[in-house]
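Results of the structural survey
For reference, the chains in residue letters:
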Amino acid sequence: MAKVELRNVVKRYGQTVAVDHVNLEIDDGEFLILLGPSGCGKTTTLRSIAGLEAVDEGEIVIDDVVVNNKRPSDRDMAFCFQQYALYPHLTAFENIAFPLRTQQMNNQEIDSRVTEVGRLLQIEDIFKRKPSKLSAGDQQRVALARAMVRQPKVYLMDEPLSNLDAQLRVDMRAELRRLQITNQITTVYVTHDQVEAMAMADRIAIMNLGVLQQVGTPDEVYTYPANLFVANFIGSPSMNFINCNFQASTHSLQIPTNSETLIFRLPDNIKQVSTGLHDGSELVLGIRPEDIDIHTEPVEEGIECSYILLEALGSENIHHTGHGELNMVVRTSPADTYSEGQSLWVSFEHDGIRLFDRNSGMAI
Amino acid sequence: MAEINIISLVKRFGDIVALNGISFNVKHDEFVTMLGPTGAGKTTTLRCVAGLEKPDGGEVHLDGANINALPPGQRNMAYVSQHYALYPHMTVYRNLQFPLDKTALTNDEKKARITEIAGILHIEPLLQRYPSKLSGGEMQRVVIGRAMVRSPQLFLLDEPLSNLDAKLREELRFELKRLQKEAGATTLFVTHDQIEAMSMSDRVVVINKGELQQIGTPAEIYSYPANTLVSSIVGTPAMNIVPVLVENNQFSILSNGHHAVLPSKYMNLLPAGKYQLGVRPEDVKIVLETSANALPAEVLVIEAFGYEKLVDIDLASLRVRARVSPRIQVKVGEKIFIQFEEHKVRFFDVNGTLIRS
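Bear in mind that the values here come from a model prediction, so they are computed numbers and not experimental data. (Residues numbered from 1 in each chain as written. Chains lettered and ligands numbered in written order. Predicted model: local features only at pLDDT ≥ 70, side-chain atom pairs only at ≥ 80, totals over all residues.)

All right, on to the overall build of chain B then. Summing up its helical and strand segments, chain B has 8 helices and 20 strands in all. In terms of principal-axis extent, the alpha carbons of chain B reach across some 75 × 45 × 35 Å. Sequence-distant contacts in chain B: of pairs separated by 6 or more residues, those separated by 24 or more amount to 65%. (Helix = DSSP H or I, 4+ residues; strand = E, 2+ residues; numbered from the N terminus. Contact = placed C-beta atoms within 7 Å.)

Attention now moves to the overall build of chain A. The secondary structure content of chain A amounts to 8 helices and 20 strands. Buried positions account for 40% of the 364 residues belonging to chain A. Considering only contacts in chain A between residues 6 or more positions apart, those separated by 24 or more positions represent 65%. (Buried ≥ 20, exposed ≤ 12 C-beta atoms within 10 Å, placed from the backbone.)

Facing 31 residues of chain A, the contacting portion of chain B comprises 32 residues. Elements with a contribution of two residues or more to the side of chain A that touches chain B: α5 (166-183), α6 (194-200), α7 (218-223), β16 (303-312) and β17 (317-323) of chain A. The dominant element in the side of chain A that touches chain B, judged by the number of residues it contributes, is α5 of chain A, at 7 residues. Class assignment for the residues of the side of chain A that touches chain B results in 15 nonpolar, 8 polar and 8 charged. (Nonpolar A, V, L, I, M, F, W, Y, C, P; charged D, E, K, R; others polar.)

The next thing to look at is unusual backbone geometry. Residues and elements named next belong to chain A. Residue P237 is reached from S236 by a cis peptide bond, and omega for that bond is -5°. Topologically, P237 is positioned in the loop between α8 (228-233) and β11 (240-247). In this model, L209 sits at a positive phi of 50°, which is unusual for a non-glycine residue. Structurally, L209 can be placed in the loop between β9 (203-208) and β10 (211-216).

What follows is about the confidence of the model for chain A. Considering every residue of chain A, the mean pLDDT works out to 91; 99% of them sit at 70 or more. By mean pLDDT, the top-scoring element of chain A is β10 of chain A (98), and the lowest-scoring one is α5 of chain A (87). (pLDDT = per-residue confidence, 0-100.)

A word on the sheet that holds strand β18 (residues 326-332) of chain A. Within a sheet, adjacent strands bond to each other through the backbone by hydrogen bonds, running parallel or antiparallel. Residue and element names in this part refer to chain A. What the 5 strands build is an open sheet, ordered β15-β19-β16-β17-β18; its pairing is antiparallel. This sheet does not close on itself; its edge strands, each paired only once, are β15 (292-295) and β18. Each adjacent strand pair in this sheet contributes to an overall mean axis angle of 45°, direction not counted. (Pairing = 2+ DSSP bridges. Axes fitted to C-alpha atoms, helices over the stretch in contact; angles between N-to-C directions.)

All names here are of chain B. The 4 strands lie next to each other as β2-β1-β4-β5, forming an open sheet whose pairing is antiparallel. Bordering the open sheet on either side are β2 (16-26) and β5 (65-66), each of which pairs with just one other strand. Pairing of strand β4 (residues 57-62) with β5, which is carried by 2 bridges, proceeds in the antiparallel orientation. Bridge pairing links H61 to N66 in β5. Running at roughly 115° to strand β1 (residues 4-13), helix α1 (residues 42-50) makes contact with β1, β2 and β4 of the sheet.

Counting residues in each nonpolar core, the largest one holds 94 residues, and the members touching the most others are I33, I96, A145, L156 and V188 of chain A. In terms of residues, this core owes the most to one element, helix α4 (residues 136-148) of chain A, which gives 6 residues. Both domain 1 (4-233) and domain 2 (240-357) of chain A contribute no fewer than three residues apiece to this core. If we ignore the near neighbours within four places in the chain, the residues touching L156 of chain A are L46, I49, A50, M77, F79 and V188 of chain A. Counting residues in each nonpolar core, the second largest holds 61 residues, with I4, V190, V204 and V206 of chain B among its members. (Core = buried A, V, L, I, M, F, W, Y, C linked by C-beta atoms within 7 Å. Domains from an automatic or database assignment.)

Time to look at helix α3 (residues 107-121) of chain B. All names here are of chain B. For α3, which comprises 15 residues, the first-to-last C-alpha distance of 21 Å matches the rise-based estimate of 21 Å (1.5 Å per residue) to within 8%. Listed as buried for α3 are I114, I117, A118 and L121. The buried residues of α3 all sit within an arc of 100° when viewed along its axis, so they share a single face. Opposite its buried face, α3 presents the exposed residues D108, E109, A112, E116 and G119, each directed more than 90 degrees away. Residues of α3 that are buried make contact with α2 (92-97) and α4 (136-148). (Expected span 1.5 Å × (residues − 1). Arc of directions from axis to C-beta.)

Residue and element names in this part refer to chain A. For the pair helix α2 (residues 92-101) and α4, the least separation of the axes is 7 Å and the interaxial angle reads 25°. Classed by the angle they form, the pair α2 and α4 counts as roughly parallel. Considering only the axes of α2 and α4, their crossing is right-handed. In this structure, α2 uses A92, N95, I96, F98 and P99 to contact α4, whose residues at the interface are V142, A145 and R146. Taken together, the residues of the contact of α2 with α4 sort by class into 6 nonpolar, 1 polar and 1 charged. (Parallel < 35°, antiparallel > 145°, perpendicular 65-115°, else oblique. Left-handed = near helix turned anticlockwise from the far one by under 90°.)

Once that is clear, we can look at the domain arrangement of chain B. Entries for chain B in the domain assignment read domain 1 (4-233) and domain 2 (240-348). Here the C-alpha centroids of domain 1 of chain B and domain 2 of chain B sit 39 Å apart.

Moving on, we get to the pairing of strand β18 (residues 318-324) of chain B. All names here are of chain B. By the bridge criterion, 7 bridges tie strand β17 (residues 309-315) to β18 in an arrangement that is antiparallel. Bridging across to β18, K309 finds its partner in V324. Linkage of β17 to β18, two consecutive antiparallel strands, is achieved through a turn of 2 residues, within which A316 is found at a positive phi near 50°.

As for its placement among the helices and strands, H320 of chain A is situated in strand β17. When near neighbours in sequence (up to four residues on either side) are disregarded, H320 of chain A contacts I308, L309, N327 and V329 of chain A together with F174 of chain B.

Residues and elements named next belong to chain B. Relative to the helices and strands, G57 resides in strand β4. Once the C-alpha coordinates of G57 and Q329 are considered, the two residues, 272 residues apart in sequence, prove to be 57 Å apart. Excluding residues that lie within four positions of it along the chain, G57 makes contacts with S8 and V10.

We note that the domain assignment places domain 1 (4-233) and domain 2 (240-357) within chain A. A separation of 39 Å is found between the C-alpha centroids of domain 1 of chain A and domain 2 of chain A.

All names here are of chain B. When the terminal C-alpha atoms of α4 are compared, their 18 Å separation across 13 residues agrees well with the 18 Å that a helix rising 1.5 Å per residue should span. Looking at α4, one finds that the buried residues are M139, Q140, R141, V142, I144, G145, R146, A147 and M148. Among the structural elements, β6 (77-80), α2, α3, β7 (154-158) and α5 (166-183) are those in contact with the buried residues of α4.

Looking now at the environment of M207 of chain A. Residues and elements named next belong to chain A. Along the chain, M207 falls in strand β9. Looking at M207, the number of C-beta atoms within 10 Å reads 27, which means it is buried. Each C-alpha atom of the pair M207 and K42 lies 6.7 Å from the other, and the pair is 165 residues apart in sequence. Excluding residues within four positions of it along the chain, M207 makes contact with L34, G36, C40, G41, K42, L212 and Q213.

This is the structure in structure tokens:
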């Protein structure tokens, strides 16, 4: 168990800044997920913590000790990377047991540890097979088991579930999370899948272009995204974004569409946050699909739309509606259905309204 | 447009039976999706329809006529595969024009056609660019445009969204669906992604290991999966499957004997014996106090997604998942009770086949 800190960490590859002054504190026993699109610097950050990359600036600190100059093997971390290299001549069991054998652990203890982790990852029935006889998903689980069979200070994992099929991934993420809650080992986990991040993390650190965008609990980053990037990246379907301008005199937003300008009066709960705005401020109104209500009759504050398309997912319905070129995506229970071309009015839940500065992208 | 009938299609590759008597049809202007895991036979079926594979048995009919002997070039179908290649040395405009080169259209007609397609796909601003200057999503639209430009009778799409990142996939599945509605094109679509299948299709054909499992609208397949395999392919997380014993119009959980009253529509329908009860995560209700039909359980893991929570529950050593409102407050390790939404519960026999009530 350990606390991990990144202090002003910079990593460059030639002209490219892969990790750009990242500051991050990961608490003892915490499950922290580095989330972002490909190329955002999340894997490089993880590899820097592991010691597989030497950082150009800043410090990696474990339990208040700077470890920049420590070799990977001296950092007491277990890795599981996307490119899992299993020993081809060893069975799955022996691959998993390998890190324990190097610690001179007795056979009985090894057996019980490997069996335990094998049971959790549901791979006991493939213990006797060699890697060449395993599917990609099974190989990945063996690699994960090999990392988790040890009790190091820190687990470092890079997309360990990416090769599994959808249903197994759902099972495994719950299993991994449960294991981590039980053993309380500090874990840094990299993924590009926001669903996985929301499901598993104590806190999520979202990166883009090498820069840390926001660190927070899943609930915080979902409910109060720090900027447009985070707002767009977290949640599926994405938050709806509507370009608008602030009108101070009426405390409202002007929403330009093809033919006219819609006026949206800001509800009272937004008054405090809008005090810093001036007349004409260029904004983006953000609203999650589940925070839009659909009405079949005109309502106060309602925007008239026509119904475009339904995506019925079984557990929920995703509705696409439009007012001119302004498209809005709405999430409801599967019971709500409308017909294509039907006139509707949509209104926004006051608690769900978020405002962003259109130029900086920052939340207001 | 066109209608396709696939009749008892069989295809072998050496000893492997890739398709074992697949039959279904795609009606005029319909969007039909073949869904199944890797190796199910989806792509093979699509390639047989396109004429790229010769079936070992069965027939493919286009508008009532057997086309088994018709070469691919004469089938007037557009085939878009996962690995889409645009000509890198040609602009988007030239890429779109290419399939028209050998047609009898005048230059003005070609231009009008390309402009129309570019408008539908919102790629007008890209026409003078080269493929290397396009994003993944833009490239995808150009590939679809190139398939559309010849006004084919039928679209055959093989995982056209699978190489794209999640956000783009979300956008394009909506665009593709809208496009298909506007253009009114008969479409046969292949995917392993149940969300794409659910959200885009008029009907879904579920296949596995070369065998047809079920054909139906997304809602039918979701609500009444023909068997436990389909129930596990459609919906994430999958439908919960709980082994139960039915006796005297009650069912009991096999592993601990806790029992509840059988849903009314199954009353007197199920002879005493072992069954598999299926219930979707959103139809598992968490209650904090015991009552009739409440089964004692314990919270194992909570996944909070903002708009919903998934709760992993231990029910007599069985794993059950509930999809609940974010307002439901439970803690890991908490003892709870669960109830199954009565009219949403399904029963499968021990072989996994749905019992119709």
